[in-house]
Amino acid sequence: MGEQRYLEANDQLLSELDKIGQRKQLPSRGDISLASNDYLSLTHNPRLIAAAREELSRSGTGSGGSRLLAGNHPLNRELETAIAAFKRGPSALVFSTGYQANVSTLCAFGNLVDLFYSDELNHASLIDGLRLSRTETIIFPHNDIAWIERDLERRSAENNGPPRFMVVTESLFSMEGDQPPLPDLISLINQKDGLLLIDEAHATGTIGQSGRGGLESWGIEWDPDRLILTGTFSKALGGLGGFAVCHPDYRELLISKGRAFIYSTSLPPSVLASNIEAIRILEESSGIVQLLQARVRSIRSAIGLPLGDSPILPILAPEGRLLKFQETLLESGLWAPLIRPPTVPPGAERIRLSVTMGWEESWIQRVISVFGQEIRSSKNVP
Ligand SMILES: Cc1ncc(COP(=O)(O)O)c(C=O)c1O
């Protein structure tokens, strides 16, 4: 056996990934990304910076441990109160990332349900949480609530009663930019006695009149017995960290059974402080959210996409065309990422743009001129 056998195997693996277009590369610095999730441009808001800076001087750079050991800084509780109030929910738990919030929450709920129904387009963090929960998981066709209903009816007939189940979805899908029919989902879980987990990573700060997310957007009231929201502070809220909003008793379950929560260091206090400030800004006024929504509507209309508040704009076309598209934008220093399988299904390759308040007028004009022409001649969703 040669000394280099692991590096050789590694080379082989990388070249196989290359061949099937799955070798990832980090983008080069310098180009302006049109894919930032900093929807409200809060990462550079002076109030967030001041809050973080002050707390940094007071509490230092790190938290020192997990929440259950040394890292339970009081700002965690303050942030939980703030995000629960913003989401109009009963209580909340803060995690170090949105990924961790999903993984922990699904692992914990795997102890309560017999099976999960997961939308086929759910984010990788939900998929990984479902895998780690070691609980039966059924993938359902995108937004097809009738499909879940039929499956539940068949199972109920076979087993003399409905299973204990949780439906897992997103309120604003990260790659499609569309929304599931939440009122139908709510009536399904009420009728069939299930639970519903909604990932609000992209919906928070972007949809609903004051940016509270999917429930506000559809005018749905909280049902603390059946509803669990997860999300992140790292997108529209301009910071870092994740959350779950749920009944206080479910919160207790997450603390005891969410392994990713238990065994990972908590957020630095400075990050907690800027997250709190971001929520304060949105509670004070919905103006910034409405500005984003107006901008989104005008760009959607100018490039011929269906109207709506979703800042996620998927441009679908054959890959060769998307590459040309990318090149044209790069001539102006604008970088639009190409999303390939396995992130999206084969044949659904796309350029995914996310509109933010940081887009300058000249970028908007450039995007409209390039995509406006393309869109008329390409297949597009949603
Ligand atoms: C739908 C969805 N859920 C969860 C996450 C994870 O959030 P975070 O980046 O805070 O780990 C993301 C972010 O990429 C996401 O798009």
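Our subject is the structure that appears above.
Along each chain, numbering runs from 1 in the same order as the chain's sequence is written. The model is predicted, so local features are restricted to residues of pLDDT at least 70 and side-chain atom pairs to those at 80 or more, both for listing and for counting; the totals for chains, interfaces and linings are taken over all residues. Excluded from the side-chain calculation are hydrogens and water; included are all heavy atoms of the structure.

Digging into the layout of surface pockets
Using protein atoms alone on a 1 Å grid, points that fit a 1.4 Å probe yet trap it form a cavity, whereas open point sets bounded by protein on both sides within 12 Å along at least five of seven lines form a pocket; residues with an atom within 4 Å of a point count as lining. Grid points are joined across faces, edges and corners, and a volume is the space filled by probe spheres set on the points. Computed from the structure, the largest pocket encloses a volume of approximately 1,500 Å³. For the largest pocket, the lining is made up of 39 residues, of which K24, P337, L338, I339 and T343 are closest to its centre. Going along the chain from the N terminus, every DSSP run of H or I of four or more residues is numbered as a helix, and every run of E of two or more is numbered as a strand. Every element with two or more residues in the lining of the largest pocket is listed here: α5 (124–133) and β11 (338–339). The residue classification treats Ala, Val, Leu, Ile, Met, Phe, Trp, Tyr, Cys and Pro as nonpolar and Asp, Glu, Lys and Arg as charged. All others, Gly included, are polar. Within the lining of the largest pocket, the residues separate by chemical class into 16 nonpolar, 13 polar and ten charged. Both of domain 1 (26–44 + 286–376) and domain 2 (46–284) provide at least three residues apiece to the lining of the largest pocket. Domain delimitation follows an automatic or database domain assignment.

A look at the side chain of E55
Mapped onto the fold, E55 is located in helix α2 (residues 46–59). Every residue pair with non-hydrogen atoms within 4.5 Å of one another is taken to be in contact. Here E55 is in contact with G60, H73, L75, P269, S270 and A273, once residues within four sequence places are set aside.

Some points on the site of the ligand
What makes a residue near a molecule or strand is one non-hydrogen atom of that residue sitting within 4 Å of it. In the region of the ligand, 14 residues are neighbours, and Y99, D199, H202, T232 and K235 sit closest. Between H202 and the ligand, the recorded distance is 2.7 Å, taken from a side-chain N or O atom to an oxygen atom. Throughout this description, a polar contact denotes any pair of N or O atoms lying within 3.5 Å of each other; where both atoms belong to protein, one of them has to be capable of donating a hydrogen while the other can accept it, and for residues adjacent in sequence the pair is counted only when both atoms sit in side chains. Within the side chain of T232, an N or O atom sits 2.6 Å from an oxygen atom of the ligand. Exposure was quantified through the Shrake-Rupley algorithm and a 1.4 Å probe, taking into account, for residues, occlusion by the shown protein chains and nothing else. Calculation on the ligand without its partners gives an accessible area of 390 Å², and the protein chains cover 83% of this total. The greatest single-element share of the shell around the ligand, amounting to three residues, is contributed by helix α4 (residues 98–109). For the shell around the ligand, a count of residues per class yields two nonpolar, nine polar and three charged.

Some points on the pairing of strand β4 (residues 136–140)
The side chains of a regular strand alternate, residue by residue, between the two faces of the sheet. Pairing between strand β3 (residues 115–119) and β4: five bridges, direction parallel. Looking across to β4, one finds that Y117 is bridged to I138. Place the viewer so that the strands point away; then a crossover is right-handed whenever the path from the first strand over the helix to the second strand goes clockwise. A crossover connection joins β3 to the parallel β4 through α5; in handedness this β-α-β unit is right-handed. Paired strands, as defined in this entry, are two strands with at least two bridges between them according to DSSP.

Points about the sheet that holds strand β2 (residues 91–95)
Strand order across the open sheet formed by seven strands is β2-β8-β7-β6-β5-β3-β4, with mixed pairing between neighbours. For this open sheet the edge positions go to β2 and β4, each flanked by a neighbour on one side alone. Between one strand and the next, the sheet's axes are offset by a mean angle of 20°, whatever the strand orientation. Note on geometry: axes are lines fitted to C-alpha atoms, helical ones only across the stretch in contact, with angles between N-to-C directions running from 0 to 180 degrees. Seen against the sheet, α4 touches β2, β3, β5 (165–170), β6 (195–199), β7 (227–232) and β8 (242–246) and runs at an angle of roughly 155° to β7. Helix α6 (residues 145–159) contacts β3, β4 and β5 of the sheet and is inclined by roughly 140° relative to β4.

Looking at unusual backbone geometry
Across the chain, the bulk of peptide bonds are trans and the bulk of non-glycine residues have phi less than zero. Its identity as a non-glycine residue notwithstanding, R134 has a phi of 55°, on the positive side. As for its placement among the helices and strands, R134 is situated in the loop between α5 and β4. Exposure classes here rest on a 1.4 Å probe applied to the protein chains alone. A residue is buried below 20% of its type maximum, exposed above 50%, and partly exposed in between. Since its relative accessible area comes to 78%, R134 is described here as exposed. Despite not being glycine, N160 has its phi angle at roughly 55°, a positive value. Note on placement: N160 falls in the loop between α6 and β5.

Topic: the pairing of strand β9 (residues 312–316)
Among the five residues in β9, five count as buried, and that is most of the element. Side chains I312, P314 and L316 of β9 all project onto a buried face; the interleaved residues L313 and I315 project onto the opposite face, where all are buried too.

Notes on empty space enclosed by the protein
Evaluated as defined, the whole model comprises one cavity of 30 Å³ or more. What lines the largest cavity is R67, N76, V94, F95, S96, Q100, F261, S264, T265, S266 and L267.

Quick notes on the packing of α6 against helix α7 (residues 182–192)
Interhelical geometry of α6 versus α7 gives an angle of 10° and a closest axis separation of 10 Å. Considering the angle they form, α6 stands roughly parallel to α7. For the pair α6 and α7, contact is made by I145, I148, E149, L152 and E153 and by D184, L185, L188, Q191 and K192, respectively. Within the contact of α6 with α7, the residues separate by chemical class into five nonpolar, one polar and four charged. Convention used here: angles under 35 degrees read as roughly parallel, angles over 145 as roughly antiparallel, angles from 65 to 115 as roughly perpendicular, and any remaining angle as oblique.

With respect to the sheet that holds β11
Here three strands make up an open sheet; going across it, the order is β9-β12-β11 and the pairing antiparallel. The open sheet has two edge strands with one neighbour each: β9 and β11.

Looking at the nonpolar core
Counting residues in each nonpolar core, the largest one holds 78 residues, and the members touching the most others are L34, Y117, V167, I351, L353, W359 and F371. The element that contributes the greatest number of residues to this core is helix α11 (residues 269–284), accounting for eight residues. Domain assignment of the residues forming this core places at least three in each of domain 1 (26–44 + 286–376) and domain 2 (46–284). If near-sequence neighbours (up to four positions away) are discounted, L353 is found in contact with L34, P311, I312, L313, A336, W359, V367 and F371. Residues grouped as a nonpolar core are buried Ala, Val, Leu, Ile, Met, Phe, Trp, Tyr and Cys residues, joined through side-chain atoms within 4.5 Å.

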